[in-house]
Amino acid sequence: VSKYGEEWVRKKKLWKSIPEKNMVYEVPADLYEGMACHRSNLEEFVKVVRERGAIPVLLTQPIIWKPTALAEAENDLICSCPLDARNADGSKPDAKWYHYTALNAMLEAYNEEMRIVSSNMNVPCIDLAANVPKTAEMFYDDVHFTLKGNALVASLVWRELRNVFAQKSPTPGR
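Fair warning: this is a prediction, and the values are worked out from it, not measured in the lab. (Residues numbered from 1 in each chain as written. Predicted model: local features only at pLDDT ≥ 70, side-chain atom pairs only at ≥ 80, totals over all residues. Heavy atoms only, no water.)

Draft legend 1. Main features of the overall build of the chain. Counting its regular elements, the chain contains five helices and five strands. Seen in sequence order, the chain has helices and strands lined up from the N terminus as α-β-α-β-β-β-α-β-α-α. Within the span of the chain, comprising 174 residues, buried residues form 40% of the whole. Pairs at least 24 residues apart make up 73% of the contacts formed inside the chain by residues separated by at least 6 positions. (Helix = DSSP H or I, 4+ residues; strand = E, 2+ residues; numbered from the N terminus. Buried < 20%, exposed > 50% of the residue type's maximum accessible area, 1.4 Å probe, protein only. Contact = heavy atoms within 4.5 Å.)

Have a look at this one:
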């Protein structure tokens, strides 16, 4: 087993051992305050790319998490992360951990900002989050794709990029 594989097994065991009382199902109250900064960063990225005469393309982040349990793949997921990264090793028994339902809501908030910036700034957005099925057939863990998932993502990205580059090149500052 590779070092990565050993780490993965350790993290899965850790997640399975987290007591229910330590799980947090709500998104942090300040999450949406951070969205303004995220949006500003995305807008600056688009601006800089266009100033350099290139075509910006945004992509949303797909994950297997759903608002409800995913029984078919739950054993392969880590499905959680600590509220405080210093607790990632599981050494603090009272540490609080985000449940995957909260993580799903948080990532979807970021993906929605991506879609809004795409729409407001007329930037192509490859919405992988909306177009990659949330199944064990597509993901081998929380965020990494299987071969079939990789093939689907490559196909979606290729199709959109082909359309983007078939259009005339953007003018700087547009």
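Draft legend 2. Representation of helix H2 (residues 31-51) in the model. For H2, with 21 residues, the first-to-last C-alpha span of 30 Å sits near the 30 Å given by 1.5 Å per residue. What H2 keeps buried is the set Leu31, Met35, His38, Leu42, Val46, Val49 and Arg50. On an axial view of H2, the arc spanned by its buried residues comes to 105 degrees, and they lie on one face. The exposed set on the far side of H2, more than 90 degrees from its buried face, consists of Glu33, Ala36 and Asn41. As for H2, its buried residues are in contact with strand E2 (58-59) and helix H3 (100-120). In the stretch just after H2, Gly53 is the one whose phi turns positive, near 80 degrees. (Expected span 1.5 Å × (residues − 1). Arc of directions from axis to C-beta.)

Draft legend 3. Spotlight on the packing of aromatic side chains. Following the criterion strictly, the structure yields one aromatic pair and no others. Centroid distance Phe139 to Phe145: 5.2 Å. Interplanar angle 40 degrees. Geometry classified as tilted. No difference in accessibility class separates Phe139 from Phe145, as the two residues are buried. (Phe/Tyr/Trp six-rings, centres within 6.5 Å; stacked < 30°, edge-to-face > 60°.)

Draft legend 4. Highlighting the nonpolar core. Ranked by size, the top nonpolar core spans 30 residues in total, and within it Leu128 and Val132 carry the most contacts. Going through the elements one at a time, helix H1 (3-17), strand E1 (23-24), H2, strand E4 (97-99), H3 and helix H5 (147-166) are the ones with two or more residues in this core. By residue number, the principal contributor to this core is H3, which donates six residues. Here Val132 is in contact with Pro62, Met138, Phe139, Phe145, Leu152, Val153 and Leu156, once residues within four sequence places are set aside. Judged by nonpolar contacts, the second largest core, of seven residues, contains Leu42, Leu58, Val123 and Cys125. (Core = buried A, V, L, I, M, F, W, Y, C linked by side-chain atoms within 4.5 Å.)

Draft legend 5. Molecular detail of the pattern of salt bridges. A complete count under the given rule lists six salt bridges for this structure. Residues Arg39 and Glu113 are paired through a salt bridge, measuring 2.7 Å at the closest nitrogen-oxygen approach. Here the residue Arg39 occupies a position in helix H2, and Glu113 occupies one in helix H3, the gap between them amounting to 74 residues. Between Glu108 and Arg115 there is a salt bridge, and its shortest N-O distance comes to 2.5 Å. Beyond isolated ion pairs, a larger network of salt bridges with shared partners links Glu108, Glu112, Arg115 and Asp127. (Salt bridge = Lys/Arg side-chain N within 4 Å of Asp/Glu carboxyl O.)

Draft legend 6. A look at unusual backbone geometry. Phi angles above zero are rare outside glycine, and Asn122 is one such case at about 55 degrees. With respect to the helices, strands and loops of the structure, Asn122 is situated in the loop between H3 and strand E5 (125-126).

Keep in mind these values describe shape, not function.
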